[in-house]
Structure formats: C-alpha cells, structure tokens
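# Architecture and fold: a report
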Amino acid sequence: MAADRVNIVIDGKRCSGLRGQTVLEVARDHGIDIPTLCHHEALTPAGSCRVCVVEVTLGKRTRTMASCVTPIEQGMKVVTDSEKIRSVRRMVVALLLARCRDLDVIKQAAKRVGLKKNPFPEEDGDCFLCGMCVRACSEIVGVGAIGFANRGPDSEVVSPFSVESSVCIGCGTCATICPARTFTLEKVFKRRSMHTTGGKRDIFRCTVCENHYTGA
Amino acid sequence: MAVLSVLVLETRKKHRDRLRGKLGAAGYEVRLAESGPALISEVAAARPHAVVLDIDLPGGDGLHVLKAVHDAAPDLPIIVEAGEPTVEEAVEVMRRGAFNYISKRSPVETLLHVLSQALERERMEAETKEKAREHKIRTFDDPASLAVVDRILARHHYSDSMLISYMQDVQQELRYLPQEALRFIARRLNVSLPRVYGIATFYKSFSLKPRGKYVIQVCMGTACHVRGGGRILESFERELGVPAGETTYDERFSLESVRCVGCCGLAPVFIINGKFYGNMTQEQVPRILAKYE
Amino acid sequence: MATTTRLASLADLEALRKRLVQAHDPKAVSISICAGTGCRAHGSMDLFDEFRRQLEERGLEHVELRATGCHGFCERGPLVVIFPKKIFYHGVEVRHVAEIIEKTVRQGEAIESLLYKDPVTGEVCLLEDEVPFYARQQRIVFRNNGKIDPTSIEDYIAVGGYGALAKALGGMKPAGIIGEIKKSGLRGRGGAGFPTGVKWELCRKQPSEEKYIICNGDEGDPGAFMDRSIMEGDPHAVLEGMTIGAFAIGARKGFIYVRAEYPLAVSNLTCALEQSREVGLLGENILGSGFDFDVDIVRGAGAFVCGEETALMASVEGREGRPRPRPPFPVECGLWGKPTNINNVETWANVPPIIEKGSDWYASLGTAKSKGTKVFSLVGKVKNTGLIEVQMGTTLREIVYDIGGGVLKDKELKAVQTGGPSGGCIPAHLIDVPVDFEELAKAGSIMGSGGLIVMDEDTCMVDVARYFVEFLEEESCGKCTPCREGVKRMREILTRICGGEGRPGDIDLLEELAIAVKEASLCGLGSTAPNPVLTTLNYFRDEYEAHIFDKRCPAKVCKALIVYRVVPEKCTGCQRCVRACPVNAISGPRSQPHNLDQSKCIKCGACYEVCRFDAIAGDAIYVE
C-alpha cells in the first residue's frame, strides 16, 4: 500500500521505507552503514549505546537522534556523517573504551570512528552494558534469568544477588550474543542451576562458527 | 581466626590424596572420613566447617549419606563431587541439600573457590543471625516475617504494578529488604526475580542490608551544600566512624546522605528518624547524637 | 466542622459552600499556625499543641485554631497569623503563647516584639501583606496556603474551592476547557515550558478509549520545594485541577507521583483523596455530571531520573525508572501503552483559577510568551529564604534584593543558580534579567521547576559545577553511554581541578565532552547534565583558570587549595576552637593565641565556624 510507504532523505539520497521502520533499518536497506554497538536484528532496539546517532531534520528542527530507535517520518532529512556527528561518535566510543580498554569490539569501533588517542584514563571493564544478553534472555529465551542491577556507572548485568539463577536453563544464548565475549560459557555454567532442567542436555561446539549450542 | 576444618569423604585414593594436599596447602584443616556412616558420626561428634562428599559411594549410598548429613546439620555446607556428572544427578543432589555439585575432573581451584563461597555464606548468615538476636530484628527463620510480606501483597490483590509500593511497605516493616522476602515477592506476584532485584538496587530508598535503629539523613541539596552541608556530613562520619551509606557496627545508627529534603530555608539540615534539625553547625552534631545514645 | 454528606449535584456543592460561609463569622478571632515542613522543623507543632492546651484552659475553645500549609517565609518560622486582623508574628516560641492569647486573641492588641521589623528601614510591619517579603508577591498558586487547613475539605470549599470544577462540569465542553487553557498561555511548570493546552489537546485527540493523567510530584531538583508546599498546603487544588484536566482530556484515572522524601505531602494528599471520594468529588458520577474519575497516589522510591516522564511512567508501572526513547511521546503511548498526559504539580494547581477567572485574566499576567505567575524557592546565601510567587517577568534583582532582602551578611552577589541540575548559573551582571522561559534560556539557563539558589563571593563556581555533576552521576540511570560514562568523566575532571590537580587542556576537554553528552544522551537528564558546567565555563572561566594554572581557589572553598591559620593578633585565646577541632590540631593555653598544627588539620572548618572573633581567618590563605 502506498500509504504505508514513507519517503525520507539520507545523506542526500532518496530512500523509502515502510511506516514503523527505523532510520537505521532504512539506511542499511539502502546501503548506508551506521555503526552500532547495542543493536541486534533479533532484539527490540534499546537505543542505549548512542553510537548510531545521526542528525535528523524534521520541519524546522534539527536534532541528534539515535537512528536505531527513531521511526521514519515523511519528509525526514537525515545526515549520518557530518563533522558534528563524527565528533560525538568519537567521544561516545572514547567513553566506552575508557570503561573497557581490552574489548576487541570497542577497539574496532574506535578504529572505525577514527579515535586516535583516548583523552580519558582507561579501565579494564569486561562489559560495556549493551544489554543484548538481558534482552535475549527475556525476549528470545523467555526466562529472564539475568537483568540490570544498580544504576549509573555502577550498573551491571547480574543474576539476582549474584548467585546462580534458579530459572537459567543454561542455553548459552547470552554467551552467543555477547559482542564483548563477556558472557563466556564458563560463566554461564557457574550461574546455571540445574533445578529446572527437563532432560539431560549436553553442550556441543560448532566446528565452523566456534559457537556453543545445546542439544536436546 | 581459627583454622577452618573440612571433612572429606572420597573413595578414590589418588583423588583423596590430591584433595588433602591442596586443601591443606590452602590452609584448611583436612579430616578424612572412611565411609558414609563414619562421616555421619564424625559430623555429629565434631562438626566441621564444611564437608566434601564423593557421591559415588559403593552401593549407591551417596544420596542417602548426603540427606542424613544435611538433616543432622542443615546449615553445614556440603559440596558434592561426582566422577561422571549428569544433570539428573545434579538435580537430585541439590534437592537433597548440597551446597554445590562439581565434577571431580574440574581443577582443584574450582573446589577451593566453591569452598570459600560456602564458608563466606555461612559466616555471613551466622553474623546476621547473631546481630538479629542482639537487636531483636525479625529474621526469615521466623515464619511470621513471610506472613507479614504476604499480608502486604494481599492489600492490593497481588497486582504487579504495585511492586514498588509493596517493597516500600515491606522495608517499612522489616527495616530492610531481606533476600528471602524479595524471592518470595517475585514468586508470589509471578514476576521475574531480576526485575525485583533490579528495582531493589536501582532506587535509593531501598536497602538490602539491615538499617540502624536511628536513620540519620544529612541533606546534600544545593542550598545545604552552599551553606556547609558537606561539613555536617563529615562530622557525622567522624563521630560515628562510618562513611555515608553505612550502618554503625552496633546497628544503632545508619548514616545516609540525601538529595534535598525540601527544607532549604533552614539549610543545612539533617533528619533523624523523621525529626528535622535545621540551621545546624558542626559543633551541634555530637550534642544531638548524644540524645540518641 | 459539620460532617458533610455526599454531594450529588452542582447545587449541593453551592448549598454546602453557602452553609460553610454563613457558619463562619468573618469577625471572629482565629489563629493559623504554619505547619509547613520548615516551620515544623522550627517546632510549630509543639506550638500548635500549646495553643490548643492554653485555649482550652482559658475556656476559649471556640477560637478556631488551624495548622495551615507553608506560608513561604521559612527563614522566620514558626509563623503565626491572627485573624481577622491578620496580625503577623514570626519566630514564635512556646513561651509566647500565653501572651499572644491574652493580648492579641482576647484584646486584639499586637505584641510588637513578635512583629516583623524591616531590617533596612526599621519599620515594624503589623500585617503579613506589609512585610516586604510578601508585598512584592502575587499569589495565585499559593492562594490558599496559609489560609486553610489542608486536611479539611470544608475549608477548601469555603474559600471557593471546587467552584472551577463545578463551572467546568456545569456548562463547559471539553474542547472549551482546552481552549481556555490554550488561550491563557499556561506553560508546563516542570521545566521545559511546553504549552499545557496543546498537550491536553494532543492527548484528547488520541483515539484510545482508555487514557491516563499523571501529576508529577517527583520534585527532585535539589534546592526546590515549591511542589512539596503545594501538595502539603493545598492538596485539593491539585485534585481539582486534575479532575478538570481529566474531564477535558477524557481520562478516567489519574496518578499523583510523589517523592519518597515527602511523607507529609503523601499524608495530606491521601487525606484529601479520601475526603473527596467521600463527598463525591472523586469517583463515579462526580456532582451528578455522569463523569467518573479517580486518583491514586504512587510513592517514589528515591530516583531523580523519575522526574523524566518516561522514567516516571515506568516507575508507576512498577519497574525501574529507566527512560525510554521518545517518540513515541506519552500523549500517544504512555502508561501501559495508553495515551497519558503528564503535568507537574504547579501546572495542575494553576488550572482551577484559570477556569474560574477566565483565560483573559490569566493571560494579562506575565510577559509576552510566559503568562501568569511562577513559584520559586529562594534559597542559598540570601537573607530571606523561603517560597515566593511572582509574576513572570519579575527581574532577578527584585527577587533577590526586594523580596529576598539581599545577600546574606551583605556579601557580594556572585550568581543565581536556576533550574536545578539541568539549569545554569546566571552571573551577577545579568541580575536585571526578567525571569521567564525565554530570557532564562537566553542567559544559558532554564526555568526548571523553580529553584533559585543565591550564591555569594564565598561560593566557588567550579565546586558548584562539581556538585551538580556529582549529583547527576549518582542519579544517572546508567542506560545510555554519554550520561553514564560521560558524566562520570566530567566529575573526574572537575574533582581533579578542585583538588588542585587540574591540567592545561582540561577546560577544552570538558567543553568537548559536555557537547557530546548534551547531543547524544537518551533523555533530558543526560542532555541537560552539562548545563551547570557549560554556564559556569561561560561566565566564570577565570575561576577555572585560577584553579588549574594558579592552583588557587578564589572563593576559598576547595580544601586542597586552602589552609587555615590562626591570626595571633586577633586571637583572644577563648579555646572554643580547641574544643571544636575534631582532630586536636589546635592547642594553646587560655587567653594566649592558639597554635594550629597544619600537619594534623583536616580542613573541616569547624574552628572557623565557632570562632566568634574571626581569629581563625579564612583569608590567611596561601597557594600551595
């Protein structure tokens, strides 16, 4: 239906998408790449890492928005790569790198946004709080064994009281989806309880992709 | 601190010797039991701090021994080791009261780690109970406490949108949010435990630790800040010997900094159990504290 | 008070009001005591009990005694007003009660020692309205504070309360009500100043059957307590405003979200809710109009970010208060996915007078784009602290000097901080700025919810910026990177500047970081978090430079950059400081100048505070 098609302009290029799609989706459909760190096609977008910010002009107003959570609207003009956006992105990645200096995924992002020298002291965190594991555990697996605790810079992903969860089924989805490789299977097993597992389950390792998965 | 003793029942000699060596090296006093019945009587005679039990006893006796030891000493952490671990067995073992279930093939460090966890938990539980006895706080040994929680949930028909309100009421009654209460709330309302735990750690007014008899809230609002509220807080810290956010060892005072209590006209301000003190100076702090001794 | 039966119609309400007004003799003596939080801290409830006891003792039970909401002049509490003359006493203590009853209540005479004396002119003020603090104010939102007992619905009805609701339900159409609000020019008092009528209209237009309204009483800005005083002092005004709004928007359910730190507000609101339900001003078929509406109170649990509307809604739904991206906006998709209209306490309290007196009247007050009045909490280094309500467009100078009586100890004004942690510092040279949404924005700050914190020459602006950033770091929800990590890094940089370890380049880094945090943050908390830093950098860059390059704190606040020293010529050897020092750093025999051991000194300032003769001089400071 024509009414459901929305036309927008991204980086001067006419793009069209379906009502309800986000700026990020439409951009990627048209071959325009925007870097992301907390986005995953299978999960509800969270808009939390803020690496995917773009400049969105609608009417007279221009604002910096996270493209992964901004729905397209007729007549929207989007700029994904202005000097301002580049500098904001560099700063955001620098902040993440300051939290987690050893994570490959952040180091790659730093290279991509052109961050040369980090102005902040770097720490060796192993989790940059993208929240993909939390979303996957509740949205895909449907058990909600892990969640966020505390707030602000002290936020962390844990199973409640930092002891093994009684609902974790040990499926390893969190480990598979974790872009930082923070959730390794060893950690999952530590957190796994066997109280509710229905039958015997073994863990296999795929020799192609090296990911673990469970058999029935 | 006294040496912690670990009682080990292990059928395979090689593994037994390895355990004795490694645990001994880690500073534990290692005692060995020869058989299931020997283990049970040994626990009764001289209670160790923890037990490591080989589940593969001859005749499939492991599970019986586990249950007997657990029934005799419910608080005693029992770590079960298995040669051929299976999920079914793990379920069975945990149901019978084991602290943890690990593979014999896992490195001894795993055992040491689990052991230290077990002992730490036991120590903390003992400490909490001791303090609770001293100050007559209801603990969750007391079934009345869960009934209190359930009554609060019933007030608004177990509706999950009232979750925060329930937790406030529970904290009001029990002075903090005990782990068991939160688990109970999650179960009873059929909401995920991470959500309950997330709320308990997100909002500042919740405490997972028992708070003191007197709660001192020092206002750190802007007006109090520019009129010296920070110095008032520091003098409380000096007087009580605890930093903000902590409770004194005797659980008499909890010291908290709060962000503006809306009494800026009287800055700097603090509140002790709901009573406001305005226009304060550092000099007055010890005098006012003395009223609450 | 007579027990009130259920009001089944508009006529019933009018009849009741008539009865209440007739029963009240306007010439009778009555006593009203301020029972706002400030006066309570000064002991006003003891005073209340003492009045009651002594009135009974003397057979004067017929004299009405009221514990009212905040009068505003917290500095001088406890405040007592004796009607009908409206004689205004301040700083009343229990020992004064007998005299007040004998002289003022019985004989109508004023007691001069308890009257307010203008510190500048020396003039004695008999009445509340004569006190300069009040004389310059215009009270619309605060119309009833200090006059009525907030726990009595009869008091509220007697002064005309629920008249606006009757007018709305009696003859106005929802669209007409929205039209009035739009025409009045009322803008949201919570901070951003979005036009209230437009918001209502957007919500009304949503096709959903189910809609909600929320009163945002999560007054989190440190240094602001306007909403607290409204909820405590005139809870029915908030309920009336909400009921009118619900009728206009088409909502049948409302929530009031109150901060955890405001127990008295919760209790007075709860009381008001129960009374309203009992008489049929809430619930089904309100005043026989066929309109149903009810309100629940939700207590906050201690999170500043819950003032942000999407976080607030999450909290009402029983979840962690983490904001979500907008759009969709709450008016489209709010509580449980339904259209939801959120306004703050003061906005709701403005609604009844607008409906009652008409939009033209309201629009005649204020400036071109900011109409009506605004309540401010005037606090910090100012002589008269308290709550004030002035027309939009009143200048900062009028507020600080005419109403506030000037800077404490007549020191030099440095800045006025407005808008809480999301706002900024307006420097002394801009003191003639008229206060409205546009002008404050031009000066780099915001209106915010209405905190005005006066800062004098002894306030270090770098320390103030650090204070706000530290506050925001603690209150950040932790969801998005710029706010969670960026605010933390800003705090680190500011802390090292205050600690004397600032580096060249720190100012540039702060600026660059501030812009990224402002641009990229998910919600209002993050995107406004850099404001205190940006405005202080803009107006007080020299103070930053003094800290970084000269290792000097011009205001003598930053501990690492100051030392305390005894000035021997001035020290009388009174030993007060010796006793006050918590670390025994000061020694010396009586009547001899004392010694201060720098190696022991922790710079707590206790000696400085107690030194009556300025012997420990904060001005004997050298740069380390």
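Since we're looking at a predicted model, the values are computed, not measured. (Residues numbered from 1 in each chain as written. Chains lettered and ligands numbered in written order. Predicted model: local features only at pLDDT ≥ 70, side-chain atom pairs only at ≥ 80, totals over all residues. Heavy atoms only, no water.)

### Notes on a positive patch on the surface
Residues and elements named next belong to chain B. A cluster of basic residues, Arg12, Lys14, Arg18 and Lys22, forms a positive patch at the surface. Following the sequence through the fold, Arg12 ends up in the loop between strand 1 (5-9) and helix 1 (13-25). With a relative accessible area of 48%, Arg12 lands in the partly exposed category. (Patch = residues over 30% accessible without salt bridge, like charges linked within 9 Å, V, L, I, M, F, W, Y side chains within 5 Å. Areas by Shrake-Rupley, 256 points an atom, 1.4 Å probe, with all protein chains shown as cover. Salt bridge = Lys/Arg side-chain N within 4 Å of Asp/Glu carboxyl O. Lys, Arg positive; Asp, Glu negative; His and termini not counted. Charge placed at Lys NZ, Arg CZ, Asp CG, Glu CD. Helix = DSSP H or I, 4+ residues; strand = E, 2+ residues; numbered from the N terminus. Buried < 20%, exposed > 50% of the residue type's maximum accessible area, 1.4 Å probe, protein only.)

### Quick look at the interface of chain A and chain B
Frequently, the measure chosen for interface size is the accessible area removed from exposure when the parts meet. Counting residues at the interface gives 19 residues for chain A and 19 residues for chain B. Here chain A packs against chain B, burying approximately 1700 Å² in sum over the two surfaces, 65% of which is carbon and sulfur. Across the chain A-chain B interface, the total number found is zero salt bridges. In this assembly, chain A and chain B are joined by two residue pairs in polar contact (both at pLDDT 80 or more). Of all the elements, strand 6 (residues 147-149) of chain A adds the most residues to the side of chain A that touches chain B, at three residues. Of the residues belonging to the side of chain A that touches chain B, the class tally is nine nonpolar, six polar and four charged. (Contact = heavy atoms within 4.5 Å. Buried area = accessible area lost by both parts, 1.4 Å probe. Polar contact = N/O pair within 3.5 Å; in protein donor to acceptor, adjacent residues only side chain to side chain. Nonpolar A, V, L, I, M, F, W, Y, C, P; charged D, E, K, R; others polar.)

### Describing the pattern of salt bridges
Pairing is possible between side chains of opposite charge, provided their charged atoms come close. With the rule as written, the count across this model stands at 68 salt bridges over all chains. Taking the shortest distance from any N to any O, the salt bridge between Arg228 of chain C and Glu232 of chain C comes out at 2.8 Å. Of this pair, Arg228 of chain C and Glu232 of chain C both sit in helix 10 (residues 226-233), four residues apart, which is roughly one turn of that helix. By relative accessible area, Glu232 of chain C is classed as buried at 3%. Lys383 of chain C is paired through a salt bridge with Asp410 of chain C; the nearest N and O atoms lie 2.8 Å apart. Separated by 27 residues along the polypeptide, Lys383 of chain C in the loop between strand 11 (373-380) and strand 12 (386-391) and Asp410 of chain C in the loop between helix 16 (396-403) and strand 13 (413-418) bring together distant segments of the chain. According to the relative accessible area criterion, Asp410 of chain C is exposed, its value standing at 60%. One continuous salt-bridge network, built from bridges that share partners, spans Asp81, Glu83, Arg86 and Arg90 of chain A.

### A short note on the interface of chain B and chain C
Each partner contributes to the interface: chain B provides 39 residues, whereas chain C provides 58 residues. Together chain B and chain C conceal approximately 3900 Å² of surface at their shared face, both sides included; 53% is due to carbon and sulfur atoms. Per-residue buried area on chain B facing chain C is highest for Phe202, Thr222 and Arg259 of chain B; these three make up 19% of the total on that side. Counting across the chain B and chain C interface gives five salt bridges. A salt bridge links Lys204 of chain B to Glu474 of chain C; the shortest N-O distance between them is 3.0 Å.

### What to know about the packing of helix 18 (residues 461-475) of chain C against helix 23 (residues 541-549) of chain C
Residues and elements named next belong to chain C. Packing of helix 18 against helix 23 brings their axes to within 8 Å, and their N-to-C directions diverge by 95°. If you check the angle between helix 18 and helix 23, you find them roughly perpendicular. Here Met461, Val462 and Ala465 of helix 18 come into contact with helix 23, specifically with Glu543, Tyr544 and His547. Of the residues that constitute the contact of helix 18 with helix 23, the class distribution is four nonpolar, one polar and one charged. (Axes fitted to C-alpha atoms, helices over the stretch in contact; angles between N-to-C directions. Parallel < 35°, antiparallel > 145°, perpendicular 65-115°, else oblique.)

### Topic: helix 3 (residues 62-72) of chain B
Residue and element names in this part refer to chain B. Burial in helix 3 covers these residues: Gly62, Val65, Leu66 and Val69. For helix 3, the arc enclosing every buried residue in end-on projection is 100°, short of the 170-degree limit, so these residues lie on one face. Packed against the buried residues of helix 3 are helix 2 (36-45), strand 3 (50-54), strand 4 (78-82) and helix 4 (87-95). (Arc of directions from axis to C-beta.)

### Let's talk about the domain arrangement of chain B
In terms of domains, chain B is made up of domain 1 (5-133), domain 2 (143-202) and domain 3 (214-290). The centre of domain 1 of chain B, based on its C-alpha atoms, is set 33 Å off from the matching centre of domain 2 of chain B. (Domains from an automatic or database assignment.)

### Quick notes on the sheet that holds strand 10 (residues 340-344) of chain C
All names here are of chain C. Sheet architecture is open: four strands sit in the order 9-8-7-10, paired in parallel fashion. Because the sheet does not close on itself, it has two edges, and the strands there are strand 9 (294-299) and strand 10. Shown here is a sheet whose adjacent strand axes are inclined to one another by a mean of 20°, direction ignored. Pairing of strand 7 (residues 212-217) with strand 8 (residues 253-258), which is carried by six bridges, proceeds in the parallel orientation. Counterpart to Cys215 in the pairing with strand 8 is Ile256. Its contacts with the sheet put helix 13 (residues 309-316) on strand 7, strand 8, strand 9 and strand 10, and the angle it makes with strand 8 is roughly 105°. (Pairing = 2+ DSSP bridges.)

### Focus on the pairing of strand 9 of chain C
Here is the key point about a regular strand: its side chains alternate between the two faces of the sheet. Residues and elements named next belong to chain C. Alignment of strand 8 against strand 9, held across six bridges, turns out to be parallel. Across the sheet, the residue bridging to Phe255 is Asp296, located in strand 9. Handedness of the crossover joining strand 8 and strand 9 through helix 12 (residues 263-279) is recorded here as right-handed. (Right-handed = clockwise from strand over helix to strand, strands pointing away.)

### A word on the packing of aromatic side chains
Under the defined criterion, the tally for this structure stands at 22 aromatic pairs over all chains. Ring centres 5.0 Å apart and planes at 70° place the aromatic pair Tyr214 of chain B and Tyr292 of chain B in the edge-to-face group. With Tyr214 of chain B in strand 6 (residues 214-219) and Tyr292 of chain B in the segment after helix 12 (284-290), this pair connects stretches of sequence that are 78 residues apart. Assigned by exposure class, Tyr214 of chain B and Tyr292 of chain B land together as buried. Following the ring pairs from residue to residue traces out a cluster consisting of Phe73, Phe88, Tyr116, Phe133 and Tyr134 of chain C. The ring of Phe202 of chain B has Arg151 of chain A lying over it, and the distance from NZ or CZ to the ring centre is 5.7 Å. Across the ring face of Phe376 of chain C, the terminal group of Lys374 of chain C is positioned such that the distance to the ring centre comes to 5.6 Å. (Phe/Tyr/Trp six-rings, centres within 6.5 Å; stacked < 30°, edge-to-face > 60°. Lys NZ or Arg CZ within 6 Å of the ring centre and 35° of its normal.)

### Brief notes about unusual backbone geometry
Most peptide bonds are trans, and most residues other than glycine sit at a negative phi. All names here are of chain C. Of note, the bond from Arg326 into Pro327 is cis; its omega dihedral lies within 30 degrees of zero at -5°. A cis amide bond, omega 0°, links Pro327 with the succeeding residue Pro328. Mapped onto the elements, Pro328 comes out in the loop between helix 13 and strand 10.

### Remarks on the side chain of His71 of chain C
Residue and element names in this part refer to chain C. Along the chain, His71 falls in the loop between strand 2 (64-68) and strand 3 (80-83). A relative accessible area of 2% places His71 in the buried class. Reaching out from His71, the side chain makes a polar contact with the side chain of Glu128 at a distance of 3.1 Å. Apart from the residues within four sequence positions on either side, His71 is in contact with Ser32, Ile33, Cys34, Leu79, Val81, Glu128, Tyr134, Arg139 and Gly146.

### A word on the pairing of strand 4 (residues 61-66) of chain A
Residue and element names in this part refer to chain A. Here strand 3 (residues 53-58) runs beside strand 4; their pairing, made up of six bridges, is antiparallel. Residue pairing for strand 4: Val54 is matched across the bridge by Met65. In textbook terms, the turn of a hairpin is the stretch between consecutive antiparallel strands, and for strand 3 and strand 4 this stretch comprises two residues, one of which, Gly59, has a positive phi near 65°.

### A look at the packing of helix 22 (residues 531-539) of chain C against helix 23 of chain C
Residue and element names in this part refer to chain C. The contact between helix 22 and helix 23 brings their axes to 5 Å, and the two run at 90°. Comparing the axis directions of helix 22 and helix 23 gives the class roughly perpendicular. Along the contact surface, helix 22 presents Val533, Thr536, Leu537 and Tyr539, while helix 23 presents Arg541, Asp542 and Tyr544. Tallied by class, residues from the contact of helix 22 with helix 23 come to four nonpolar, one polar and two charged.

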